[in-house]
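Structural overview
Single-letter residue listing:
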Amino acid sequence: MAMKGNSGDNRTRSSISIFIVAGLCCFFYLLGTWQRSGFGKGDSIALEITKKADCSVLSNLNIETRHGDEAGTVDDSKSESKVFEPCDDRFIDYTPCQDQMRAMTFPRENMNYRERHCPPEGEKLHCLVPAPKGYVTPFPWPRSRDYVPYANAPYKSLTVEKAVQNWIQYEGSVFRFPGGGTQFPHGADAYINELASVIPMNNGVVRTALDTGCGVASWGAYLFKKNVLAMSFAPRDSHEAQVQFALERGVPAVIGVLGTIKLPYPSRAFDMAHCSRCLIPWGINDGMYMMEVDRVLRPGGYWVLSGPPINWRINYKAWQRPKEELEEEQRKIEEVAKLLCWEKKHEKGEIAIWRKRLNNENCPERDSSATMCESTNVDDVWYKKMEACVTPYPQTSSPDEVAGGELKPFPNRLDDVPPRIARGSVPGVSVESFLEDNKLWKKHIKAYKRVNKIIDSGRYRNIMDMNAGVGSFAAAIESPKLWVMNVMPTVAEKDTLGVIFERGLIGIYHDWCEAFSTYPRTYDLIHANGVFSLYKDKCNAEDILLEMDRILRPEGAVIFRDQVDVLVKVKKLVSGMRWNTKMVDHEDGPLVPEKVLFAVKQYWVAGGNNSTSEQ
């Protein structure tokens, strides 16, 4: 399976240059056609999509002709924008808060050195992280699940270290992911189907999943067939670029580890959690890691553990580990599971599955025998120390009631009123305001699509909402072609991340004054609603924009929504970052002070000044 060669790429560029002269009004359509990658059809796609382009839209919504000085339009002849230079080529895969050199200065105990350790202000890079030479736009989903361009993540160590496990293979200009793994000898589909014989994955009951120590995230990649959305994580470690490969494949993933701080997810978030040879020592520290899984697992949710030490009596020879060591490891796991009152539903071969009880009434001894967490806010987790304590269930009044509220099967839960809101447990968010917000974002998305008509074409797979609210942007844009990482800023007035998970979406807590836990170039489209107003007095807008540039793919798009004075300042900054921009009115007209700024990151790579605008 070879990539398209340079001759085909040059033909594509030649054909597209015809359309560039039409002006910036068509740059989104050009972006959808000018593929240095996986579409691989060059001229025909360029012609087909350009036929569909309505190039009058952007000019009709241009606010600069209506607002003039009132909008704060910058006179470039009097005020030059700051130009941001490229970083040195050695920073191609720079991940600021998981930098390898900094990590080695921290203790190894409980994986502390693998956790987030962000650079102090004086050590932050104020330059643009380059893409590697030869970088190409990833293949469209679902082809990206199986093939990743070698140029995008040129690391072959996994093909050697995991050769016998069928994780990844190098084939010319691409990596191929056969869907195998240590625990998937017959492929990920067969493994998932075995789990589905016990866990209700086929009817929308199980929608959100957590994969701890995910490797290249093949489990999450193949779960899409069952409409299950997995949040996968793995540390940045000696197995180079596991999470980077996952995101190149179009699978949700972050750099992360079970260590000394709590996972950046709310309580009762996931319908299922999974560990397949994830090398997490589940029994240590009085079962603290299993207690953290219990915190983020929804009542009635499932925990899957496959590989050592499950069924050690039969497997210890193949694992080449002492029987006594494996026996003690499984004993500790079973002991903690009993303390948590998880019910074992299945154990066969190397797979064990437990289910968390629906409520405390089914297991009153949990409260009496375990150390209960004393925190009044179980979702206050950002940089909070993990403890060996059990998170209490929400109160219930009958043995059949689901603690925290029962969820409808997906996709019905997407627009249903989430239990957290229906029960009034999110201050400031009512049923009425939720329904209104849902309606509003459907309107906003329609307006976005009138400007950028390739939003749901398959061109954008990995999407991020930097200030997700109750998840209505993601709900309105929901499609099998894409997924959204819903970010809940830790400085937000209302914590609604639990609501987002109840809708069958995924997300994460994060503070945008710091770098995100991902590799560069891992998102195709970023949505920033009110982000710069939110962080106005908290950190430097320049740092946030540079981080957005780091995680955005070349030729990826950004949609900013904010007050016009804020966006004028943002527009000036990004003009020095090799981004093309266009400001448009709010869909309700030019008198609304909230505006929308569309941007596209130009294509350029390390070792050259080859931006899109110069082709």
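Small disclaimer: the values here were computed from a predicted structure and weren't measured. (Residues numbered from 1 in each chain as written. Predicted model: local features only at pLDDT ≥ 70, side-chain atom pairs only at ≥ 80, totals over all residues. Heavy atoms only, no water.)

Regarding the sheet that holds strand S13 (residues 506–510)
Here seven strands make up an open sheet; going across it, the order is S13-S12-S11-S14-S15-S17-S16 and the pairing mixed. Sheet topology places S13 and strand S16 (579–584) at the edges, where each strand pairs with a single neighbour. For this sheet the average axis-to-axis angle between neighbouring strands, irrespective of direction, equals 20 degrees. Alignment of S16 against strand S17 (residues 594–601), held across six bridges, turns out to be antiparallel. Note on S17: the bridge partner recorded for Val584 is Val596. The strands that helix H18 (residues 431–451) touches are strand S14 (523–529), strand S15 (552–563) and S17; relative to S15, the one it contacts most, it runs at about 130 degrees. (Pairing = 2+ DSSP bridges. Helix = DSSP H or I, 4+ residues; strand = E, 2+ residues; numbered from the N terminus. Axes fitted to C-alpha atoms, helices over the stretch in contact; angles between N-to-C directions. Contact = heavy atoms within 4.5 Å.)

With respect to the confidence of the model for the protein
Should pLDDT be low for a region, the predicted coordinates there are not to be read in detail. On average, residues of the protein score 85 in pLDDT, and 83% of them reach the 70 mark or higher. Taken as a whole, residues 1–78 scores under 50 in pLDDT and shows 133 contacts with residues more than four places along the chain or in a different chain. Note on residues 159–164: pLDDT under 50 across the span, and nine contacts to partners over four residues away in sequence or across chains. (pLDDT = per-residue confidence, 0-100.)

Remarks on the packing of aromatic side chains
Taken as a whole, this structure holds 19 aromatic pairs when the rule is applied. Seen from the ring of Trp604, Arg578 lies directly overhead, with NZ or CZ sitting 4.3 Å from the centre. (Phe/Tyr/Trp six-rings, centres within 6.5 Å; stacked < 30°, edge-to-face > 60°. Lys NZ or Arg CZ within 6 Å of the ring centre and 35° of its normal.)

A few points about unusual backbone geometry
The residue after Trp141, namely Pro142, is reached through a cis peptide bond having omega 10 degrees. In the segment running from Pro308 into Pro309, the intervening peptide bond is cis, with an omega of 5 degrees. Here Pro309 is to be found in the loop between strand S8 (297–306) and helix H13 (312–319). Look at Asn110: it is not a glycine, yet its phi comes out positive at around 55 degrees. The exposure class assigned to Asn110 is partly exposed, which follows from its relative accessible area of 24%. At Arg578, a residue that is not glycine, the phi angle is positive and equals roughly 65 degrees. On the secondary structure map, Arg578 appears in the loop between helix H23 (564–574) and S16. (Buried < 20%, exposed > 50% of the residue type's maximum accessible area, 1.4 Å probe, protein only.)

Looking at the layout of surface pockets
By volume, the second largest pocket is sized at about 620 Å³. Where the lining of the second largest pocket is concerned, the elements lending two or more residues are H18, helix H19 (472–477), S14 and S15. Grouping the amino acids of the lining of the second largest pocket by side-chain chemistry returns ten nonpolar, 13 polar and seven charged. (1 Å grid on protein atoms, 1.4 Å probe; cavity = no way out; pocket = protein on both sides within 12 Å on 5 of 7 lines; lining within 4 Å. Points joined across faces, edges and corners; volume = space filled by probe spheres on them. Nonpolar A, V, L, I, M, F, W, Y, C, P; charged D, E, K, R; others polar.)

Structural notes on the packing of H13 against helix H14 (residues 323–340)
Contact pair H13 / H14: the axes reach a minimum separation of 10 Å and the direction vectors enclose 130 degrees. One way to sum up the angle between H13 and H14 is to call them oblique. Remark: the crossing between H13 and H14 carries right-handed chirality. On H14, the residues touching Trp312, Tyr316 and Trp319 of H13 are Lys323, Leu326, Glu327 and Gln330. Grouping the amino acids of the contact of H13 with H14 by side-chain chemistry returns four nonpolar, one polar and two charged. (Parallel < 35°, antiparallel > 145°, perpendicular 65-115°, else oblique. Left-handed = near helix turned anticlockwise from the far one by under 90°.)

Some thoughts on the pattern of salt bridges
Summed over the entire model, instances satisfying the criterion amount to 38 salt bridges. In this structure, the salt-bridge partner of Glu335 is Arg331, at a minimum N-O distance of 2.9 Å. Taken together, the residues span about one helical turn, with Glu335 and Arg331 both in helix H14 at a distance of four residues. For Glu335, a relative accessible area of 49% puts it in the partly exposed group. Two residues, Asp549 and Lys601, come together in a salt bridge whose shortest N-O distance is 3.9 Å. Of this pair, Asp549 sits in helix H22 (residues 541–551) while Lys601 sits in strand S17, placing them 52 residues apart in sequence. (Salt bridge = Lys/Arg side-chain N within 4 Å of Asp/Glu carboxyl O.)

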